[in-house]
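Read off the chains here:
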Amino acid sequence: MIASSSPFSFILFGASGHLATLKIYPALYVLALKKRFPKEYAIVGYARTEMDDASFRKLVEQSIRASMPEVTEKVLEEFLTHVFYQQGQYDSEADFSTLAKKLTAIEKGWKDTVRVAYLSIPPSVFPQVLHNLNAGQVRTDPVPFRCIVEKPVGNDLKSFEELREQLMTNFREGEVYLLDHYLGKEAVRNVYYLRLANPMLERLFKNTLIRHVEITASEPGGIEGRAGYFEHTGTFRDMFQSHLLMISSLLTMRLREGEGTLIESRKNALEQLYLPPAAHLNDIVLQGQYAAGTVDKKPIVGYRQEKDIAPESRTNTYIALKLQSRTSRWEGVPFYLRSGKRMHKKETRISIEFQMPFNVGEGAKPNRLDIILQGEAGMRFHLQTKLGGSEPKFRPLLLEDPLVCFGDCLPEHGLLVLEAINGKQQWFLTFEEVRTAWRLLEPLQVHLDRPETPLFLYPAGSDGPEEAKMWIQKDGLQWLE
Ligand code: BG6
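Keep in mind that what you see is a predicted model, and the values were worked out from it rather than measured.

J.: Outline the overall build of the protein chain, supporting the account with residue identities and numerical values.
T.: Looking only at helices and strands, the protein chain features 14 helices and 18 strands. For the protein chain, the C-alpha radius of gyration of 24 Å lies close to 23 Å, the compact-globule estimate for 481 residues. In terms of its C-alpha atoms, the protein chain occupies a principal-axis envelope of roughly 80 × 50 × 45 Å. Across the 481 residues in the protein chain, those meeting the buried criterion constitute 53%. Residue pairs at least 24 apart in sequence account for 77% of intrachain contacts in the protein chain once pairs closer than 6 positions are excluded. A total accessible area of about 21,100 Å² is found for the protein chain, and carbon and sulfur atoms account for 53% of it. Taking the average location of the 59 positive side-chain charges in the protein chain and that of its 61 negative ones, the two points are 3 Å from each other.

Laid out in structure tokens, this is it:
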């Protein structure tokens, strides 16, 4: 059972932001509830907003209550005594010194304390924050230090390299933790472990047997008040640059013994992904944007009518992408990745369709394996069986299991934070992986940004643009439902 191995201070920059309130405070509370924290720890929020410890505790408490079906009052009360706030500017060394003094006072008498800085802030303020963490002595030798940076780590290859340079200038490599929360999801990690523990699957995962692979990540949610971030990010950077490429890597990476090789194999698999040759980039990537529609019977405005979104915005909220892998097992198998906001349901799914060498009779469909990671999670083998009668006619035969997490299941941010405190890096991204991802996607991003590249509208609550259906049909396929 994973627990924090030493006292720690967790300093959250951007403490009143969307990610913090939606995911991080609830995840930290769950860790407290499940007794994963030592006696001595502190959660210190830092932001520009004027607040004191008491009002910040209220904010943290509200965010926990809002996202938990029920709370254990005693645990929550005790947890909140570990929560503190420091108001300050990101560009003020003096404010960081005040933060450092506050930390020192809180940590008085603790032994082997670890400091973790979690940067949930706009990339524009990164340089100042990274500099001031050192200058203001928030990071101070010999106290072990971790700096957590959320994906997509930059906005393109160039800004990634700049950010990397700043991180390397200010910290040692082992102190930087590049976080993709999908790598904290048990279901996503399980893509790797399912393969590892079931050699039978590996026998099936072969280009001679597979027709195509589909990876879908759809969500009914919209931009959830994050216009500032999303307008210049879009679904392509937001979901593909890390989440969907990581799932593809976990599916195609070479299995080798020993956990130490996991990062290396994952990185190699990512490097093997490539854009298939095509007459035009439109054959490889397609973008869409949601228009007004209905989600869960509620009317939803179109993306361009959302608060703080430009009325003529061309930001994509849906992407379909075709990729291939050079690994010998997967070479030649097309991978179709798609993701969209304001879709009709929440689902993250890998579907593998197998080849059907000959037609065995009426009703027979290709075999298929679904690994549904989110939504109605499950693993489902689509086979078929003969109907009664003298003619060979078939009906579907489904072998399925709910594939939900059993055992020590923690929220993804909670698990990753614990691993960061404990110095365990294998489920964090490496700089090489992020660079490889940007390199792969950059030509497509440039293409998507061109004003003449089509942007197809789809009604909120649908399963994406009609054009995406025709796009995949051109390859003789259909999106798998
Ligand atoms: C985040 C994106 O990384 O992932 C969001 O920034 C997206 O836009 C979210 O909604 C989806 O995560 P999950 O865990 O709900 O699948």
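J.: Got a sec to walk through the sheet that holds strand 1 (residues 8–13)? Specific residues and values, please.
T.: Taken together, 6 strands build an open sheet; the order of strands is 3-2-1-4-5-6 and the sheet is parallel. Strand pairing shows two members of the sheet lacking a second neighbour, strand 3 (83–87) and strand 6 (176–179), which therefore form its edges. If you compare each strand with its neighbour and ignore which way they point, the axes differ by 20° on average. Here strand 5 (residues 145–150) pairs with strand 6 via 4 bridges, running parallel. Within strand 6, the residue paired with E150 across the bridge is L179. Where helix 4 (residues 93–106) meets the sheet, it contacts strand 1, strand 2 (41–47), strand 3 and strand 4 (114–119), and its direction lies at approximately 165° from that of strand 2.

J.: Which residues make up the nonpolar core, and what values do they have?
T.: Counting residues in hydrophobic clusters, the biggest one holds 128 residues, and the most contacted among them are F13, F79 and L321. It is helix 10 (residues 234–252) that provides the largest number of residues to this core, a total of 9 residues. Once residues lying within four places of it in the same chain are set aside, the contact partners of F79 are Y25, L28, Y29, A32, F37, Y41, I43, V60 and I64. Y303, M343, L477 and W479 belong to the second-largest nonpolar core, a separate cluster that totals 17 residues.

J.: Mind laying out the site of the ligand, listing which residues take part and the relevant values?
T.: Of all residues adjacent to the ligand, which total 13 residues, the nearest are Y182, K185, R226, D238 and H243. One nitrogen or oxygen atom from the side chain of Y182 is found 2.5 Å from an oxygen atom belonging to the ligand. Here an oxygen atom of the ligand and a side-chain polar atom of E219 are 2.9 Å apart. When the ligand is considered free in solution it has 400 Å² of accessible area, and contact with the protein chains removes 85% of it. Class assignment of the residues belonging to the shell around the ligand gives a composition of 1 nonpolar, 3 polar and 9 charged.

J.: An account of the pairing of strand 16 (residues 378–386) is requested, with residue identities and associated values reported.
T.: Two strands pair when backbone bridges link them, and strand 15 (residues 368–374) and strand 16 are joined in this way by 5 bridges, in the antiparallel orientation. What sits directly across from I371, in strand 16, is M379. The loop that links strand 15 with its antiparallel partner strand 16 comprises 3 residues; one of these, G375, has a positive phi angle of about 95°. Two elements, strand 16 and strand 17 (residues 394–401), share 8 bridges in a ladder whose sense is antiparallel. Among the inter-strand pairings, H382 is bridged to a residue of strand 17, identified as L398.

J.: Quick one: what's the story with the pattern of salt bridges, residue by residue and with numbers?
T.: Overall, the coordinates contain 34 salt bridges when judged by the stated rule. E353 is paired through a salt bridge with R211; the nearest N and O atoms lie 3.1 Å apart. Of this pair, E353 sits in strand 14 (residues 347–354) while R211 sits in strand 7 (residues 210–218), and the two are 142 residues apart along the sequence. Its relative accessible area of 9% is what places E353 among the buried residues. Linking E466 and K469 is a salt bridge whose minimum nitrogen-to-oxygen distance equals 3.0 Å. Placement of both E466 and K469 in helix 14 (residues 466–473) is noted, with a separation of 3 residues, approximately one turn of the helix. Here K469 falls in the partly exposed class, since its relative accessible area comes to 27%. The structure contains a network of salt bridges with shared partners spanning E214, R338, K345, E347, R349 and E481.

J.: Account for the state of the cysteines, naming residues and giving values.
T.: What the rule picks out here adds up to 1 disulfide. Residue pairing for C405: its cysteine sulfur links by disulfide to C409, the two sulfurs lying 2.0 Å apart. For the disulfide bridge between C405 and C409, the dihedral angle about the S-S bond is near -100°, and by the sign convention the bridge is left-handed. A relative accessible area of 22% means that C409 is categorised as partly exposed.

J.: Provide a residue-level description of the packing of aromatic side chains, including the pertinent values.
T.: Each aromatic ring pair is summarised here by two numbers: the centre-to-centre distance and the angle between the ring planes. Tallied over the full model, the rule gives 25 aromatic pairs. Both rings, one in Y290 and one in Y303, keep their centres 5.7 Å apart while their planes meet at 85°; by these two values the pair is edge-to-face. One end of the pair, Y290, is in strand 9 (residues 285–291); the other, Y303, is in the loop between strand 11 (298–300) and strand 12 (318–325), and 13 residues separate them in sequence. The class for Y290 is buried, based on a relative accessible area of 1%. You can call Y303 buried: its relative accessible area is 0%. Clustering of aromatic rings is evident, with ring pairs tying together F13, Y46, Y90 and F96. Looking at K185, its charged tip hangs above the ring of Y182, at a distance of 4.8 Å from the centre.

J.: How would you summarise the side chain of S351 if you had to cite specific residues and measurements?
T.: With respect to the helices and strands, the residue S351 is situated in strand 14. Judged by relative accessible area, S351 falls into the buried class, the value being 0%. At 2.6 Å, the side chain of S351 and the side chain of R349 are in polar contact. A polar side-chain atom of S351 sits 2.6 Å from a polar atom in the side chain of D370.

What counts and what doesn't
- Residues numbered from 1 in each chain as written.
- Predicted model: local features only at pLDDT ≥ 70, side-chain atom pairs only at ≥ 80, totals over all residues.
- Heavy atoms only, no water.
- Helix = DSSP H or I, 4+ residues; strand = E, 2+ residues; numbered from the N terminus.
- Rg over C-alpha atoms; globule rule 2.2 N^0.38 Å.
- Buried < 20%, exposed > 50% of the residue type's maximum accessible area, 1.4 Å probe, protein only.
- Contact = heavy atoms within 4.5 Å.
- Areas by Shrake-Rupley, 256 points an atom, 1.4 Å probe, with all protein chains shown as cover.
- Lys, Arg positive; Asp, Glu negative; His and termini not counted.
- Charge placed at Lys NZ, Arg CZ, Asp CG, Glu CD.
- Pairing = 2+ DSSP bridges.
- Axes fitted to C-alpha atoms, helices over the stretch in contact; angles between N-to-C directions.
- Core = buried A, V, L, I, M, F, W, Y, C linked by side-chain atoms within 4.5 Å.
- Near = heavy atom within 4 Å.
- Polar contact = N/O pair within 3.5 Å; in protein donor to acceptor, adjacent residues only side chain to side chain.
- Nonpolar A, V, L, I, M, F, W, Y, C, P; charged D, E, K, R; others polar.
- Salt bridge = Lys/Arg side-chain N within 4 Å of Asp/Glu carboxyl O.
- Disulfide = S-S within 2.5 Å.
- Phe/Tyr/Trp six-rings, centres within 6.5 Å; stacked < 30°, edge-to-face > 60°.
- Lys NZ or Arg CZ within 6 Å of the ring centre and 35° of its normal.

Structural measurements only, silent on function.
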